[in-house]
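# Survey of secondary and tertiary structure
One letter stands for each residue in the lines below.
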Amino acid sequence: MGRSQSGVTTKSLGQRMRWRQLGLLPDIVLALAAFALPVAIMVSYSFGKGSPYTFEVDVDGRLDSYRRLFGDTYRGAIIRSLQLSAIAIIGTALVGFMVARCLVQLQGRTKVIALGLITFPSVVSFVVRINALGDVLGPSGPVAKATDTVFGTPTVLLSTWRGVVVGTVLAYLPLMVLPVYAALERLDHRLIDAAHDLGAGWFRTLRTVEVSAAAPGLTVGAFLVGTLALGEYIVPRVLGGGKTLQLGNILAEQATGANRPFGAAVATTMLAIVAIAGAVTALVLRRIRAA
Amino acid sequence: MNRIPRRTLLGYSLTVPAATALLAACGSDSASTGSAAPAGATTVAPDTATTLAAVDSAAPSGSAAAPAGATTLEGTINFANFEGWLGANTLTEFNKLYPGIKVNQITADVGFETLAPKLKNRAGDFDMALLDARNLPVLDQLGVLAKFTPEEVPNAANVDEAFRSRFDPEGDNYVTTDYGRYGIAYRKDLVSEPLTSWKDFLALVPKYSGKVLGYDRPRPMLAAALFAMGKSANTTDQAELNEARDMIKAIKGGFARFSDGTVAEGLLDGSAVMVVANDYEIVAASAKDPNIVWVEPTDGTLGYIEGWMIFDGPRNDLCKAFMNFLFEPKNFADFVNTLKIGSVMTKANEFVDPELLANPIVNPSPAAQKNITYAEDIGEAEQLWQQAWDEVKAG
């Protein structure tokens, strides 16, 4: 039995390592039971056919659900969902960065209140918030009244694609603001002064110093907003007037009964997109750290 | 089929004071008569079977005297039901007769699409539910239904034959509670053109663009186009469905939205001038605003029948007692009066609000009744309808 310089035997070190690994067992079991197993079942269902009478899924390796999903009807829904996801990322990034930039400049109680105002809406039910937004964007809401006063024509955003975009950006804004704020908070403000002293203009300083510092936050925010917006169901439902088809709606409406294989194909596709987005995010973060 | 949140609609109806007063009168009257307990209500206890003749002579419910055997029934019925879809006095009066039975209404798991998969997986603990009768073949094949005999639920025989056997010739799977249909409603102060059919309606959508509402559901929406084309509203023909899809798709831009809730609100606040509507939505809305009128489309209406079904389980006796109670004529009249729906029980009509009985929206004429095509179980073709509707939305 060897003995290390610190006086701990090598065998006991090995034993401790094994015990530590055993300590991971509950996590592994939980991950398998709560995630891997249901996902595996879901993926297998996507290669089957559902009975309209017994709801049993006969998994026989068929690709019908995927052919249907990527066919003419639903291809548009995939594209529209990706579009919404991309627009939500860009919208929340633009607004979120400016908001986070203001936040880091605040001090003391003002900062606490401002952060509270950003995060507080998140404790209110998402459905309630979006329905309330429907009143704001509706024909008798303040947006329609304000545009009527200014332009002579009321702009009603409720039941339109623009309404869905506005709603999604507003709904997910905190998910972008907080990581960007966390990143900017670590920025040494003397760097901004240094950039100015060295002759960099406002925009160049913003781009090379502030945006660079916010990049990890923007990346994480983009992942969070993008993946959630991709499967968004409530916003298109409430603010889009049920007139458009998106992945979230298809999943919500067709993931039961005989349609389970099709719902499973939609979910599997979404999961694949999220996995790719996760991998890209990890890659970008690694590059940012390396730079 | 019926997925509209009914709480909102009940909210409308409960604001009509006259009807509310009548309901209250019905309830208090029955409670104060103090006459013998309804014979039918006692029959579910194995030791208290009575005949159907006794049901016909049923005294008003709510008597102080509990039926023999009623006290031996104890437990909680888990009832998947649309919120508020019961008579104002149903539970109170039922508990007077059956103090040991508690009815736990589960309003989160309503509708066939939500409930059926849970029943199949034995998820949740459902004893009975209000469901669209056209889903009976599926529920039957899932093997979740508890059949009952006429002796076990004798008051089921009070329901009119036409509704009792429409989807269940043997009458041992469910008891019809209500029926409804999809038609047209519009504001007569804002629409001047004659509007008598689906053909008229669909032709007017572009003119009233942005002021038209429909439902986000394949059956009523595609059926409107199928009726206009003179085709069956239960078609399984892909070509016919494609034609119906194209018809709606061509005018989709005229719809302000496809609602998953109510359409009557739009008519009431004036944001909509004409809508595809469920009849019971319009009863309440037209009572609030006489400018809102219902149209019985001459080219056809899509109907549905709903009923109470019991699921195989340990509390079937309790469910049968509850079911039998509801279908006692006076109790059923309370149900009809509260919900302002069409009556499926002629025997109960003497207790139903005469105004409601005379209302052609919920109690259509025999000619209008003939014009109803009830939505049938169409098996795998249901997916064709869904696909066609998705194509409308995707376009």
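Residues numbered from 1 in each chain as written. Chains lettered and ligands numbered in written order. Predicted model: local features only at pLDDT ≥ 70, side-chain atom pairs only at ≥ 80, totals over all residues. Heavy atoms only, no water.

## Observations concerning the overall build of chain A
How we decide: A run of DSSP states H or I qualifies as a helix once it reaches four residues; a run of E qualifies as a strand once it reaches two. Both are numbered from the N-terminal end. Atoms considered for the radius of gyration are the C-alpha atoms alone. The globule rule reads 2.2 Å times the number of residues to the power 0.38. For each residue, the accessible area found with a 1.4 Å probe, counting protein chains only, is set against the maximum for its type, and the residue is called buried under 20%, exposed over 50%, and partly exposed in between. Working rule for contacts: check all heavy atoms of both residues, and any pair within 4.5 Å makes them a contact. The method behind every accessible area is Shrake-Rupley, applied with a 1.4 Å probe, and residues are considered shielded solely by the protein chains displayed.
A tally of regular secondary structure across chain A gives 13 helices and two strands. Its C-alpha atoms give chain A a radius of gyration of 25 Å, clearly above 19 Å, the size a compact globule of 291 residues would have. By principal-axis analysis of the C-alpha atoms, chain A measures approximately 90 × 75 × 35 Å. Buried positions account for 39% of the 291 residues belonging to chain A. Looking at chain A alone, contacts between residues at least 24 apart form 66% of all its contacts between residues at least 6 apart. Carbon and sulfur atoms form 67% of the exposed surface of chain A, whose accessible area is close to 15,900 Å².

## Regarding helix H4 (residues 90–97) of chain B
For clarity, the cut-off: Think of it as the arc spanned by the lines of direction from the helix axis to the C-beta atoms.
Every buried residue of H4 of chain B is listed here: Thr 90, Glu 93, Phe 94 and Leu 97 of chain B. With its buried residues spanning 100° around the axis, H4 of chain B presents them on a single face.

## Focus: the confidence of the model for chain B
Residue and element names in this part refer to chain B. Cut-off, in case you're wondering: Each residue carries a pLDDT value, the predictor's own confidence for that position, ranging from 0 to 100.
Confidence in the prediction of chain B, expressed as mean pLDDT, is 83, and 82% of residues score 70 or more. Low pLDDT, under 50, characterises residues 1–5; the predicted model gives this stretch 32 contacts beyond four residues in sequence or across chains. Taken together, the stretch residues 7–65 has pLDDT below 50 and engages in 120 contacts with residues farther than four places along the chain or on a different chain. Per the prediction output, this complex has pTM 0.77; the corresponding ipTM is 0.72.

## Description of the nonpolar core
Defined as follows: Take the buried Ala, Val, Leu, Ile, Met, Phe, Trp, Tyr and Cys residues and link them wherever side-chain atoms come within 4.5 Å; each set so joined is a nonpolar core.
With 125 residues, the main nonpolar core has Phe 201, Met 274, Trp 308 and Phe 311 of chain B as its most contacted residues. Formed by 27 residues, the second largest nonpolar core is a distinct cluster that contains Val 180, Leu 184, Ile 192 and Ala 213 of chain A.

## Things to note about a nonpolar patch on the surface
Residues and elements named next belong to chain A. Condition: The patches reported here contain residues having more than 30% relative accessible area and no salt bridge. Joining distances are 9 Å for like charges and 5 Å for nonpolar side chains (Val, Leu, Ile, Met, Phe, Trp, Tyr). A pairing counts as a salt bridge when a side-chain nitrogen of Lys or Arg comes within 4 Å of a carboxyl oxygen of Asp or Glu.
Taken together, the side chains of Trp 19, Leu 22, Leu 24, Leu 25, Ile 28, Val 29 and Leu 32 define a hydrophobic patch exposed on the protein surface, amounting to about 720 Å² of accessible area. Taken together, the elements giving at least two residues each to the nonpolar patch come down to helix H1 (10–23) and helix H2 (25–45). Considering each element in turn, the nonpolar patch owes the most residues, four residues, to H2. Mapped onto the secondary structure, Leu 25 falls in helix H2. The partly exposed category is assigned to Leu 25, whose relative accessible area is 45%.

## Some points on helix H12 (residues 247–254) of chain A
The complete set of buried residues in H12 of chain A reads Leu 247, Gly 248, Asn 249, Ile 250 and Gln 254 of chain A. Considering only its buried residues, H12 of chain A is in contact with helix H3 (64–69), helix H4 (72–105), helix H10 (202–230), helix H11 (234–239) and helix H13 (260–290) of chain A together with helix H17 (381–394) of chain B.

## Quick word on the side chain of Thr 269 of chain A
Residue and element names in this part refer to chain A. Of note, Thr 269 is situated in helix H13. We classify Thr 269 as buried; its relative accessible area is 10%. Beyond its immediate stretch of four places on either side in the chain, Thr 269 contacts Tyr 66, Leu 69 and Phe 70.

## Thoughts on the packing of aromatic side chains
Note the following rule: The aromatic pairing rule takes the rings of Phe, Tyr and Trp, using the six-membered ring of Trp, and pairs them if the centres are within 6.5 Å, calling planes under 30 degrees apart stacked, those over 60 edge-to-face and the rest tilted. Think of it as a cone above the ring: NZ of Lys or CZ of Arg counts as a charge over the ring if it is within 6 Å of the ring centre and within 35 degrees of the ring normal.
Using the criterion set out here, one finds 20 aromatic pairs over all chains in the structure. Relative to Phe 332 of chain B, the ring of Phe 327 of chain B lies with its centre 5.5 Å away and its plane at 25°, an arrangement referred to as stacked. With respect to burial, Phe 327 of chain B and Phe 332 of chain B carry one shared label: buried. Taken together through their ring pairs, the aromatic side chains of Phe 79, Phe 94, Tyr 98, Trp 308, Phe 322, Phe 325, Phe 327, Phe 332 and Phe 335 of chain B make up a single cluster. A cation over a ring is seen here: Arg 68 of chain A above Phe 262 of chain A, with NZ or CZ 4.0 Å from the ring centre. Geometry around Phe 167 of chain B places Arg 166 of chain B over its ring, the cationic atom sitting 5.3 Å from the centre.

## As for the pairing of strand E9 (residues 301–310) of chain B
Residues and elements named next belong to chain B. This is how it is decided: A pair of strands is considered paired only if DSSP assigns at least 2 bridges between the two.
When you tally the buried positions in E9, you get ten out of ten residues, the bulk of the element. Here five bridges tie strand E3 (residues 128–132) to E9, and the two strands are oriented antiparallel to one another. In the strand pairing of E9, Met 128 is matched with Ile 310. Inspection of the sheet shows strand E4 (residues 174–187) paired to E9 by eight bridges, in the antiparallel sense. Bridge pairing in E9 links Val 175 to Trp 308. As defined by bridge partners, E9 adjoins strand E10 (residues 372–374) across three bridges and the pair is classed as parallel. Residue Thr 301 lies in a different strand from E10, and its bridge partner there is Ile 372.

## Here's the deal with the interface of chain B and chain A
To keep things clear, this is the line we draw: Using a 1.4 Å probe, buried area is obtained as the accessible area two parts lose upon being combined, added over both of them.
Each partner contributes to the interface: chain B provides 27 residues, whereas chain A provides 23 residues. Buried area between chain B and chain A, both sides added, is near 2,300 Å², and the carbon and sulfur share of it is 48%. Put simply, chain B and chain A have five salt bridges between them. Between Arg 237 of chain A and Asp 216 of chain B there is a salt bridge; the shortest N-O distance is 2.9 Å. Of all the secondary-structure elements, those providing two or more residues to the side of chain B that touches chain A are helix H5 (112–120), helix H6 (136–142), strand E6 (255–259) and H17 of chain B. Looking at the side of chain B that touches chain A element by element, the count peaks at seven residues for H17 of chain B.

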